[in-house]
Structure formats: C-alpha cells, structure tokens
Amino acid sequence: MFVSFFPQPKLFFSSAAVWSLAAILFWFFGGEQLGAIFGLPPAAADAPPIVGIAVLVSKPFLWFYIYFTIGVGVFYAFWRLYAPHPWQNWSILVAALILFLIYFNVQISVAVNDWYGPFFDYIQGLISKTIESTNAEFYARLATFAWLALVGMNVSVINAFIVSHWIFRWRMAMNDHFMTNWSKLRHIEGASQRVQEDTMRFAQIMEDLGTSFVQSIMTLIAFLPVLIRLEANISELPIVGAIPHPLVVAAIAWCVFGTISVMIAGLKLPGLQFRNQRVEAAYRKELVYGEDHADRAQPVTTAELFNNVRRNYFRLYFHYIYFNVVRYTYLQADNIFSFFVMGPSIVAHRITLGVLNQIPNAFGRVTGSLQFLLTSWSTIVELQSVHKRLRAFEATLQGEPLPEIDQRYLQRQGAEDQV
C-alpha cells in the first residue's frame, strides 16, 4: 500500500516527521527572524494585525513561502539521491504543494478571524450610535471579507483538484504493484475485488482522512496563538474560576472528554466492519460461481450466506445506535460550549461584539482540530477494514503468515475441495 508510492515508507515517514518538526522549531526559534537579512522581517510585536488580503503578501508571509520552499527542496534532494523512486515527484513535491495550499487556506481563516473583531466592533458602534460612518465605508469593510472568501474558495477548488489527482496516482502505484505480483496474490480470497475495489476505497478514504488530518494540525498551529491572544478578554471559567490560559485549557479538556467518549463507544465497530466485508465477499463469490456452474448458488447455500450478511448488518446497526447517541450528543453540546466558557466574562461586560464573534470562531477552530478522531472515527473504522483486507497482499509479498482470518478461509476452502 505504501511501498508502491513512497520510497522506503518507514524511513520516509519517520524522516518527514523529524524534518518537519525540526523546520517548525527552527522557524519559531530563529528562522522567522532570518528574513530580516533579506529585507523580509517579522511583524513587530506591538504592531496591529494586518486586516484583509494584504496580509497574505506581507513581508513575513513572503519569507515563510521562501523558507517552506527551501525546506521541501532539501528534503526532496536527499531522497532523490538516497533512494530514487518512480513516484517521488508525486509523493514528495506534489504532496508538499498540497500541504502548502492547506496552510494557505488556514491562514485565510486566521485573516477572516482578525477581520471579525474590528468589523463587529464597528457594527456595535453603529447600532449604539457611538460612531458615524458612510455607506462607502461600510461596503469597503464588507469587500475586505469578500476578497478573503474569494481567494480562499478558489484555493480550495485548486487544492481539491490536485489532491484528487495525487490520490489517483497513489491508486495507480498500488494497482501496478499488485498486478506485477498477481501470480503470488491470485489465490487469496477475493483477490480481484481487493485489487480493484479495495485499492479504490483505500485511496478515497486516504483523500478524505489525510487532508482532514493535515488541515487539523495546521489549523491547531495557526489558531492556538490567536486563542491565547483572545484570552485577555476572559476573566474566569465557569465552576473552576480563574486559571492560566483558560480558553486553551477548556478547549483541550473538552476535546479529550469527547474523543475518549466516542472511542469507547466505537470499540466494536472496526471488527464488525471488517467482518461485513468478509460476509459480503463470500455471498458475492457464490453468486459469481453460480453464473457459470449450475450446481453452485443453490437456494440453501445462498440463503445461509445472505443470512450471515443480514446478521452482521443488524449487529452493526445496533452498535451504531449508542455510538451515534454519544457522538451527536457531544457535537450538539459543542455548538454552545464556547458561550458556556465565556459566560462569566459576558456577564462582567468584558467582551465586545467583535470579541464575541472572534472567540467562538477561534475556539471552534481549535476544538475542531482536536476533535479529529471524534469526527473521523467512522471513516477510520472503514479504513481499518480496508487495510486488513489489503494486509493479506502485503503479508504474501513479504513472505509473512497471512492474517488469521485469511488462514481460516484457506483452511475452509481446502476442506471443501477435499470433499
């Protein structure tokens, strides 16, 4: 699944994680200031944030673009020399472009959050009649948001197009790898389905899950400083009172609680999803044999196989009841949790209308990033079931024993052949 698209996957992903962490730490501990050498210094600590599209072409951002390009170039050059791979342009360079576009869109979200504060304070002044304005100024402020939204929308469309092609290239690499070794794999139950359907599903799930995970990480990195800055408006938390970094503590505690609750509720789902694939495959295979052999797909046999399908689906539906109760209850409560946190500060008149819009947005971005496992658990369960099916291919090609469930299938088939 991975060796077909990435050079030496274990070492590759380990080195990518280490290199990314080193680049991030170097950026925060000196790299950001290096831009001053090239006339691209960071913003002054007391400088007000740039509101609008101009922030994306400001000097600090231009230096980051250069820094990111250099980091990717060094990493790509190393792997091109150390372990050349036919798909490395896609698995490294295009992957880096996708990461950059995700980062760019996250920064647009930060810019929108910065726009919320002054704009809604401006609205509050108009409503309370404490400031005077004109129609031209009002629409000019709206246009600032419109430009950010327009750029963000088009970047999202471009990124979705690139991600789709990147994922299909991964599927092409898997397909070529498995078909090259087809003679070793054809005896595995449902081999044709695993090559055609499971590689397709694996690629599609990785498209959704991978981009969501990366976006969650980048959103967390971008919005945590924003949330910390907004904590100046929060005097205390309900129940616990005044504590350091109240918004960050509340966000982390809330997300840990939700994630653990959902993971416990969904413990049985991966095994049932995998068994679902097995019973469906067994039923489908018998029907396929029945197309060519009159003695196959007899009513008694098909009834038993379909009964296995029915029984597993009904068990799956049952376990999804309490899983969805836990998940949806938490997500509904999540809609108002930020207001629950702000309650004492709102009552104490410490929050303006602008801040009232900024905090829920930033808080929601941070908690949404931390809730990745919670919101993606169903998709992760499906990915686990697909991975288990493709794992039989990996085991065969590496000379390892087949997974236990595949061994049981081969033993059962051998017994049937002897009969």
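Residues numbered from 1 in each chain as written. Predicted model: local features only at pLDDT ≥ 70, side-chain atom pairs only at ≥ 80, totals over all residues. Heavy atoms only, no water.

**Points about the overall build of the protein chain**
What the protein chain contains, in helices and strands, is 12 helices and zero strands. Overall, the protein chain shows an N-to-C arrangement of helices and strands of α-α-α-α-α-α-α-α-α-α-α-α. Looking at the 419 residues of the protein chain, the share that counts as buried comes to 41%. Long-range pairs, those at least 24 residues apart, make up 77% of the contacts in the protein chain between residues at least 6 apart in sequence. With the model as given, the accessible surface of the protein chain reaches about 22,700 Å², and the carbon-plus-sulfur share is 66%. (Helix = DSSP H or I, 4+ residues; strand = E, 2+ residues; numbered from the N terminus. Buried < 20%, exposed > 50% of the residue type's maximum accessible area, 1.4 Å probe, protein only. Contact = heavy atoms within 4.5 Å. Areas by Shrake-Rupley, 256 points an atom, 1.4 Å probe, with all protein chains shown as cover.)

**Here's the deal with the side chain of Thr 302**
With respect to the secondary-structure elements, Thr 302 resides in helix H9 (residues 299-347). Take Thr 302: its relative accessible area is 14%, and that puts it in the buried class. Among the polar contacts listed, one links the side chain of Thr 302 to the backbone oxygen of Pro 299, at a separation of 3.2 Å. What Thr 302 contacts, discounting residues up to four positions off in sequence, is Tyr 283, Glu 286, Leu 287 and Ala 297. (Polar contact = N/O pair within 3.5 Å; in protein donor to acceptor, adjacent residues only side chain to side chain.)

**Comments concerning the pattern of salt bridges**
Per the counting criterion, the structure on display carries two salt bridges. Between Asp 114 and Arg 229 there is a salt bridge whose closest N-O contact spans 3.0 Å. Residue Asp 114 is found in helix H3 (residues 88-128), and its partner Arg 229 is found in helix H6 (residues 191-230); the two are separated by 115 residues along the sequence. Residue Asp 114 is classed as buried on the basis of its relative accessible area of 12%. (Salt bridge = Lys/Arg side-chain N within 4 Å of Asp/Glu carboxyl O.)

**Describing the nonpolar core**
Judged by nonpolar contacts, the single largest core of 85 residues is most densely connected at Trp 166, Trp 170, Leu 247, Ile 359 and Phe 363. When residues in this core are grouped by element, the largest group, 14 residues, is from H3. Not counting residues up to four positions away in its chain, the partners in contact with Phe 363 are Leu 227, Leu 247, Ala 250, Ala 251, Phe 337, Ser 338 and Val 341. (Core = buried A, V, L, I, M, F, W, Y, C linked by side-chain atoms within 4.5 Å.)

**Details of the confidence of the model for the protein chain**
Chain-level statistics for the protein chain give a pLDDT mean of 82 and a share of 88% at 70 or above. Here helix H12 (residues 404-418) stands out as the element of the protein chain with the lowest mean pLDDT, 52, in contrast to helix H2 (residues 59-82), whose mean of 94 is the highest. (pLDDT = per-residue confidence, 0-100.)

**Remarks on unusual backbone geometry**
With the exception of glycine, the majority of residues adopt a negative phi angle, and the majority of peptide bonds are in the trans configuration. Located in the positive-phi region is Lys 129, a residue other than glycine, with phi close to 65 degrees. For Lys 129, the location among the structural elements is in the loop between H3 and helix H4 (135-180). When its relative accessible area of 71% is taken as the criterion, Lys 129 is described as exposed.

**Quick notes on a positive patch on the surface**
On the surface, Lys 268, Arg 275, Arg 310, Arg 311 and Arg 315 cluster together into a positively charged patch. If you tally residues by element for the positive patch, the top one is H9, at three residues. (Patch = residues over 30% accessible without salt bridge, like charges linked within 9 Å, V, L, I, M, F, W, Y side chains within 5 Å. Lys, Arg positive; Asp, Glu negative; His and termini not counted. Charge placed at Lys NZ, Arg CZ, Asp CG, Glu CD.)

**What about the environment of Ala 297?**
Locating Ala 297 in the fold gives a position in the loop between helix H8 (269-292) and H9. Counting along the chain gives 11 residues from Ala 297 to Glu 286, while the straight-line C-alpha distance between them is 5.5 Å.

**A closer look at the environment of Ser 345**
Within the element layout of this structure, Ser 345 appears in helix H9. Look past the residues within four positions of Ser 345 in its chain and what remains in contact with it is Asn 233, Ile 234, Ser 235, Glu 236, Arg 350 and Ile 351.

**Re the UniProt feature "transmembrane region" (unreviewed entry) in the protein chain**
The UniProt feature table records "transmembrane region" (unreviewed entry) at residues 61-79, 91-112, 145-168, 209-228 and 248-269. Secondary structure content for residues 61-79 is 100% helix and 0% strand, and the end C-alpha separation is 27 Å. Between the C-alpha atoms that bound residues 248-269 the distance is 32 Å, and the span itself is 86% helix and 0% strand. (UniProt positions renumbered as here; feature names shortened; annotations may be inferred.)

**Observations regarding the packing of aromatic side chains**
Overall, the coordinates contain 47 aromatic pairs when judged by the stated rule. Every member of this aromatic cluster is reached through a ring pair, and the members are Phe 26, Trp 27, Phe 38, Phe 61, Trp 63, Phe 64, Tyr 65, Tyr 67, Phe 68, Phe 100, Tyr 103 and Phe 104. Over the aromatic face of Tyr 122 sits the side chain of Arg 141, whose NZ or CZ is 4.1 Å from the ring centroid. (Phe/Tyr/Trp six-rings, centres within 6.5 Å; stacked < 30°, edge-to-face > 60°. Lys NZ or Arg CZ within 6 Å of the ring centre and 35° of its normal.)

**Considering a nonpolar patch on the surface**
Judged by side-chain polarity, Leu 21, Ile 24, Leu 25, Phe 28, Phe 29, Phe 213, Ile 217 and Ile 221 come together as a nonpolar surface patch covering roughly 800 Å² of accessible area. Ranked by the residues each element gives to the nonpolar patch, the list is headed by helix H1 (residues 9-34), at five residues. Within the secondary structure, Phe 29 is located in helix H1. Judged by its relative accessible area of 70%, Phe 29 is exposed.

**Side note on the side chain of Ser 338**
Relative to the helices and strands, Ser 338 resides in helix H9. Overall, the relative accessible area of 7% leaves Ser 338 in the buried class. Residues within four places of Ser 338 in sequence aside, it is in contact with Pro 360 and Phe 363.

**Looking at the packing of H3 against helix H10 (residues 353-370)**
The packing of two helices is summarised by the inter-axis angle and the distance between the axes. H10 packs onto H3 with a crossing angle of 160 degrees between their chain directions and a minimal axis gap of 6 Å. With respect to each other, H3 and H10 are oriented roughly antiparallel. Judged by the twist between their axes, the crossing of H3 over H10 is right-handed. Residues Ser 109, Asn 113, Asp 114, Tyr 116, Gly 117, Phe 120, Asp 121, Ile 123 and Gln 124 of H3 form the contact with H10, whose own contacting residues are Leu 353, Gly 354, Val 355, Asn 357, Gln 358, Asn 361, Ala 362 and Arg 365. By residue class, the composition of the contact of H3 with H10 is six nonpolar, eight polar and three charged. (Axes fitted to C-alpha atoms, helices over the stretch in contact; angles between N-to-C directions. Parallel < 35°, antiparallel > 145°, perpendicular 65-115°, else oblique. Left-handed = near helix turned anticlockwise from the far one by under 90°. Nonpolar A, V, L, I, M, F, W, Y, C, P; charged D, E, K, R; others polar.)

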